[in-house]
Amino acid sequence: MSGELWFYHLERSALEDVLPELLEKTLARGWRALVRSPDARRLEALDQWLWSWRDDSFTPHGQAGAGQEARQPVLLAEDEANPNGAQCLFLLDGAEPENPDGFERMIVMFDGHDEASVQDARALWKKAAADGRTVSYWRQSPEGRWEKKA
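Residues numbered from 1 in each chain as written. Predicted model: local features only at pLDDT ≥ 70, side-chain atom pairs only at ≥ 80, totals over all residues. Heavy atoms only, no water.

Visitor: Honestly, the side chain of T59 in this entry has me stumped. Any pointers?
Guide: Its place among the elements puts T59 in the loop between α2 (40-52) and β3 (62-63). Polar side-chain contacts of T59 include one of 3.1 Å to the side chain of W53. Dropping the residues within four chain positions of it, T59 is found in contact with L23, L27, L50, W51, W53 and V74. (Helix = DSSP H or I, 4+ residues; strand = E, 2+ residues; numbered from the N terminus. Polar contact = N/O pair within 3.5 Å; in protein donor to acceptor, adjacent residues only side chain to side chain. Contact = heavy atoms within 4.5 Å.)

Visitor: Sorry, what's going on with the pattern of salt bridges here?
Guide: Side-chain pairs of opposite charge can arise whenever the charged atoms involved come near each other. Taken as a whole and assessed by the stated rule, the structure comprises 12 salt bridges. Two residues, R36 and E80, come together in a salt bridge whose shortest N-O distance is 2.9 Å. You can see R36 sitting in strand β2 (residues 33-36) and its partner E80 sitting in the loop between β4 (74-77) and β5 (88-91), a full 44 residues away along the chain. Taking relative accessible area as the criterion, E80 reaches 9% and is therefore assigned buried. In this structure, the salt-bridge partner of E143 is R145, at a minimum N-O distance of 3.7 Å. Among the residues examined, E143 registers a relative accessible area of 55% and is labelled exposed. (Salt bridge = Lys/Arg side-chain N within 4 Å of Asp/Glu carboxyl O. Buried < 20%, exposed > 50% of the residue type's maximum accessible area, 1.4 Å probe, protein only.)

Taken by themselves, the reported measurements are silent on function.
Spelled out as structure tokens, the structure:
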């Protein structure tokens, strides 16, 4: 069964600080990414941020509905249609996977300071584990490194 879920508990860093680095790692692996959020304003802000988050580079990406979706290494979308053939799905703002077998890996990023987000992530973890999916939990160390905790 494909479709493993990795849960990233955001406590020390903001999503905007963590997501670009994880997208770079995904692209370095030779994979494409689909970043899904139900919040259109979040996607618009990420679209701008990914062009300028570092002075020496940018993350190549596009938004669903803007054309040429199939060519985008990273696609920002409100749904899971996956026109760019992504192997990795990033789920933000409470989005849940609709087709977990359509991706090699799904990254669930949740705000550790928002109790509702934590509860939603726990519920998704339990459901995925009950379905027999591989799940793992990542938490940031005080030094800022990501450590696999479960």
